[in-house]
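# An overview of the molecular structure
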Amino acid sequence: MKIEAIKKMSQTELAAEELKLKKELFNLRFQHVTGQLENPLKMKEIKKDIARIKTVMRENELKAADK
């Protein structure tokens, strides 16, 4: 997911997307343990997307606190 797309989302959309990605990461971890995961690099991408979303959420919180 591109950072530009993430920055255009509202706080509620960011929270929903974070929840969706966390569920997907859980499923990927489960597949990895059972040996069914075809692309292990997908887990790395999901983790980075979660980190990007959390970063933008924090930036928005700090902007709101400054106002």
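Residues numbered from 1 in each chain as written. Predicted model: local features only at pLDDT ≥ 70, side-chain atom pairs only at ≥ 80, totals over all residues. Heavy atoms only, no water.

## Thoughts on helix α2 (residues 11–34)
- If you check α2, its first and last C-alpha atoms are 35 Å apart, about what 24 residues at 1.5 Å a residue would give, namely 34 Å.
- The complete set of buried residues in α2 reads L14, E17, E18, L21, L25 and L28.
- Those residues of α2 that are buried lie in contact with α1 (3–7) and α3 (41–66).
- One or two steps after α2, the chain reaches G35, where phi turns positive at roughly 80°. (Helix = DSSP H or I, 4+ residues; strand = E, 2+ residues; numbered from the N terminus. Expected span 1.5 Å × (residues − 1). Buried < 20%, exposed > 50% of the residue type's maximum accessible area, 1.4 Å probe, protein only. Contact = heavy atoms within 4.5 Å.)

## Concerning the packing of α2 against α3
- The geometry of α2 relative to α3 is characterised by a closest axis approach of 9 Å and an angle of 155° between their N-to-C directions. As summarised for this structure, α2 and α3 are arranged roughly antiparallel, according to the angle between their axes. You can see that α2 and α3 cross each other, and the crossing is left-handed. Here α2 contributes Q11, L14, A15, E17, E18, L21, K22, E24, L25, L28, R29 and H32 to the contact with α3, which in turn contributes K42, M43, I46, K47, D49, I50, I53, K54, V56, M57, N60 and E61.
- Here the contact of α2 with α3 is composed, by residue class, of 11 nonpolar, three polar and 10 charged. (Axes fitted to C-alpha atoms, helices over the stretch in contact; angles between N-to-C directions. Parallel < 35°, antiparallel > 145°, perpendicular 65-115°, else oblique. Left-handed = near helix turned anticlockwise from the far one by under 90°. Nonpolar A, V, L, I, M, F, W, Y, C, P; charged D, E, K, R; others polar.)

## Details of the side chain of E17
- You can see E17 is positioned in helix α2.
- Beyond its immediate sequence surroundings of up to four residues, E17 is in contact with M1, M9 and I53.

## Considerations on the confidence of the model for the protein
- When pLDDT is averaged along the protein, the result is 95; 100% of the residues meet or exceed 70.
- The lowest-confidence element of the protein is α1, averaging 93 in pLDDT; the highest-confidence one is α2, averaging 97. (pLDDT = per-residue confidence, 0-100.)

## Details of the pattern of salt bridges
- Enumeration according to the criterion identifies five salt bridges in this entry.
- Among the salt bridges present, the one from E18 reaches K22, with a minimum N-O distance of 3.4 Å. Taken together, the positions of E18 and K22, both in helix α2 and four residues apart, correspond to about one turn of that helix.
- The partly exposed category is assigned to K22, whose relative accessible area is 40%.
- Note that E18 is salt-bridged to K54, the shortest N-O span being 3.9 Å. Of this pair, E18 sits in helix α2 while K54 sits in helix α3, placing them 36 residues apart in sequence.
- Here E18 falls in the buried class, since its relative accessible area comes to 11%.
- A residue is classified by how much of its surface remains accessible, and K54, at 42% relative accessible area, is partly exposed. (Salt bridge = Lys/Arg side-chain N within 4 Å of Asp/Glu carboxyl O.)

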